[in-house]
Amino acid sequence: MNLLIVEDEVRLRNAIANNIPWEQHGIEVVGQAGSGTEALRLIDLKKPEILLLDLQMPEMDGLTLAKHLRASDPLLKMIILSGHDDFRYAQEALALGVMKYLLKPAGDAEILDAVLDAAARVHSELEQRHNEGELRMKWKQHLPQLVNEFLQGWLNGRFELWEIEQKGRDLQLEMTVDAIYVVAVVDMDPIPEEETRFRASDMSLLQFSLSSIVREALVGVPCWVATPDTGSTVVIYQLAGEADAHIGLQRVHALTEKLLFTVKSCLKLTASAGISGMTGGLAEINKLYVQAERALQNRIVLGHDLAIPYREEQGSAPTLTLQPNHEKALEIALETGDREKAEETLKAMWDTGTGLADTVEDIREHILYWVSLMIGLIQKQGWPVREVAGDDYVIFFNHTELVSKEQIYSWLQRLTRAYLTYAGERRKSTSHGMIKTILTLVDAEIDQEMTLHAVADRLYVNSSYLSRLFKQETGKAFSTYVLERKMERAKAILQEGSRVTDAAACVGYRDVSYFTRVFRKYWGVTPGEVRN
């Protein structure tokens with residue numbers, strides 16, 4: 001559950017954000033604002049479910065902000081934190097839909113209880129809106145087939161630009177020619193073994209439920225929702241009038257993360273999403289769709305319940321055929337790093353093909369087939385065949401070295417393992433590159449306040465993805481690493497004889513007393529004791 005803190009008093013705002021154990025209760029502080037105007041920008045970008053709101057602020061007071069938000073997002077839960085013990089203020093706040101009116105100085109426990117009550121209300125309302133009976137009733141309804149068929153053809157690159165524009169007008173899709181687009185692919189994660197409400201045979205119902213939830217959650221958002229034969233749900237976001245494509249991508253990431261949260265709240269099961277790594281025009285939807293599909297495949301590495309952005313280092317964007325045959329099964333197993341499935345599929349292809357060949361001419365034909373298939377699979381990733389194959393590269397143009405079926409099959413097994421090894425090294429290199437960038441940022445900007453969300457925004461990815469990647473690569477949470485670096489730097493500065501105020505400023509703490517408390521909690525001694 002996402003929480004945004006809006007408070008103009010810096011000291012109180014930092015105390016609320018850092019002193020209350022939010023993560024232990026499933027609450028994530030996605031941002032802090034010092035004014036109503038800044039709050040509006042962050043709400044639009046971060047899409048929080050809960051707002052902790054001061055009453056008196058510069059530029060726009062809390063009640064005016066609450067009135068504006070109630071009209072634009074009736075599901076947003078707001079909690080007022082005010083220094084005014086006046087019944088009129090409380091009465092007006094409650095009339096605007098504010099859940100609670102807390103008086104300063106409210107204790108940490110009181111604030112936490114109010115936020116947890118709001119979180120429980122959000123869960124309850126989502127369950128009421130998406131109960132199982134309603135989803136089963138929607139299952140009986142027919143989808144608008146013409147629109148869905150057009151969207152599938154558009155995603156798969158079957159239309160020229162003039163056809164897209166013409167069919168869009170015919171189907172009244174209100175396309176904007178000069179808009180930019182982003183594609184996200186959302187899919188249910190595998191049903192856990194311990195799940196008792198649903199079985200594997202219910203997956204089609206769950207996929208329909210996912211589609212229904214996505215459609216309802218995105219009402220009012222400029223987008224189209226398609227349901228391809230694969231069972232996933234594809235969202236084509238239209239970002240009309242967006243001056244900065246990166247900001248548009250950030251909004252899509254926030255919307256997609258909120259979608260995954262809604263799915264989990266409604267179905268008590270998780271879904272994951274892949275998001276294209278760039279924006280494009282009407283004619284580039286196929287490329288964006290392929291990127292989103294390929295990003296989603298990386299959940300096999302990063303885990304479930306995650307919105308995953310496409311990274312260019314994953315390779316070039318191939319055209320997905322989505323054909324349910326052995327070749328496609330092998331391709332998917334290789335791309336997802338499933339060695340067991342890849343070897344199993346390879347054996348099945350061998351047993352039903354090359355293994356049955358009984359003449360020299362037939363075997364030569366099969367060798368040509370395998371050469372073509374393996375080169376195609378490698379080049380679809382944008383990788384050099386020579387680098388992937390290594391010592392076995394020579395066999396691609398000198399087939400006479402293969403003099404028996406056993407040698408052919410052994411060569412194919414080695415190529416399969418080489419592909420998986422090369423893919424794993426590239427994924428690791430990509431992850432290391434991003435983490436190295438983050439570590440450099442932390443060291444270069446150690447004198448500034450640094451949050452995971454701010455770093456994620458600068459790298460144009462969502463914070464959940466970055467958090468999991470950082471912990472996977474370093475073994476610790478981002479906030480823990482930043483605190484360690486700041487405390488180590490502060491200690492070194494103090495030991496050089498610098499003043500406590502200078503040490504605090506050098507590691508990004510403007511409040512010396514707060515710095516002292518943090519330093520003592522971390523090192524067990526005060527900054528002054530270290531300096532002396």
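**Re the overall build of the protein chain**
- Helix and strand counts for the protein chain come out as 23 helices and 10 strands.
- Projected onto its principal axes, the C-alpha coordinates of the protein chain cover approximately 95 × 65 × 50 Å.
- Expressed as a percentage of contacts within the protein chain between residues at least 6 apart in sequence, the contacts between residues at least 24 apart total 67%.
- Carbon together with sulfur atoms contributes 51% to the accessible area of the protein chain, which is approximately 25,900 Å² in total.
- Computing the positive centroid from 58 side-chain charges and the negative centroid from 76, the protein chain places the two 3 Å apart.

**Notes on the nonpolar core**
- Ile438, Leu466, Phe478 and Phe515 are the most contacted members of the largest nonpolar core, which has 37 residues in total.
- Secondary-structure elements contributing two or more residues to this core are α17 (405-444), α18 (452-459), α19 (463-474), α20 (478-495), α21 (500-506) and α22 (512-523).
- Broken down by element, this core gets its largest block of residues, 7 residues, from α20.
- Other than its neighbours up to four places away in sequence, isoleucine 438 contacts Val455, Leu459, Leu466, Phe470 and Phe478.
- The next biggest cluster of nonpolar side chains, apart from the first, holds 30 residues, and it includes Leu346, Trp350, Leu402 and Tyr419.

**Some points on the packing of α20 against α22**
- Viewed as axis vectors pointing N to C, α20 and α22 meet at an angle of 100°, and their least axial separation amounts to 11 Å. The angle between the axes of α20 and α22 places the two elements in the roughly perpendicular class. When α20 is examined against α22, the residues Leu483, Glu484, Met487, Glu488, Ala490, Lys491 and Leu494 are found in contact with a partner set consisting of Phe515, Val518, Phe519, Tyr522 and Trp523.
- Taken together, the residues that form the contact of α20 with α22 break down as 9 nonpolar, no polar and 3 charged.

**Remarks on a nonpolar patch on the surface**
- Residues Leu483, Tyr522, Trp523 and Val525 make up a contiguous nonpolar surface patch of roughly 290 Å² in combined accessible area.
- Note that leucine 483 resides in helix α20.
- Since its relative accessible area comes to 30%, leucine 483 is described here as partly exposed.

**With respect to the sheet that holds strand β2 (residues 28-33)**
- Spatial ordering of the open sheet is given by β2-β1-β3-β4-β5, a layout of 5 strands whose pairing is parallel. Two strands close off the open sheet at either side, each with one partner strand: β2 and β5 (100-103). Across the sheet, the mean angle separating the axes of adjacent strands is 20° when strand polarity is ignored.
- Where strand β3 (residues 50-54) lies against strand β4 (residues 77-82), 5 bridges are found, and the strand directions are parallel. For leucine 53, the partnering residue across the bridge sits in β4 and is isoleucine 80.
- Across the face of the sheet, helix α3 (residues 62-72) comes into contact with β3 and β4 while running at roughly 155° to β3.

**Comments concerning the state of the cysteines**
- One pass over the full model with this rule turns up 0 disulfides.
- As a non-bridged cysteine, cysteine 223 has cysteine 266 as the owner of its nearest cysteine sulfur, 17 Å distant.

Reading the values: rules and limits
Residues numbered from 1 in each chain as written. Predicted model: local features only at pLDDT ≥ 70, side-chain atom pairs only at ≥ 80, totals over all residues. Heavy atoms only, no water. Helix = DSSP H or I, 4+ residues; strand = E, 2+ residues; numbered from the N terminus. Contact = heavy atoms within 4.5 Å. Areas by Shrake-Rupley, 256 points an atom, 1.4 Å probe, with all protein chains shown as cover. Lys, Arg positive; Asp, Glu negative; His and termini not counted. Charge placed at Lys NZ, Arg CZ, Asp CG, Glu CD. Core = buried A, V, L, I, M, F, W, Y, C linked by side-chain atoms within 4.5 Å. Buried < 20%, exposed > 50% of the residue type's maximum accessible area, 1.4 Å probe, protein only. Axes fitted to C-alpha atoms, helices over the stretch in contact; angles between N-to-C directions. Parallel < 35°, antiparallel > 145°, perpendicular 65-115°, else oblique. Nonpolar A, V, L, I, M, F, W, Y, C, P; charged D, E, K, R; others polar. Patch = residues over 30% accessible without salt bridge, like charges linked within 9 Å, V, L, I, M, F, W, Y side chains within 5 Å. Salt bridge = Lys/Arg side-chain N within 4 Å of Asp/Glu carboxyl O. Pairing = 2+ DSSP bridges. Disulfide = S-S within 2.5 Å.

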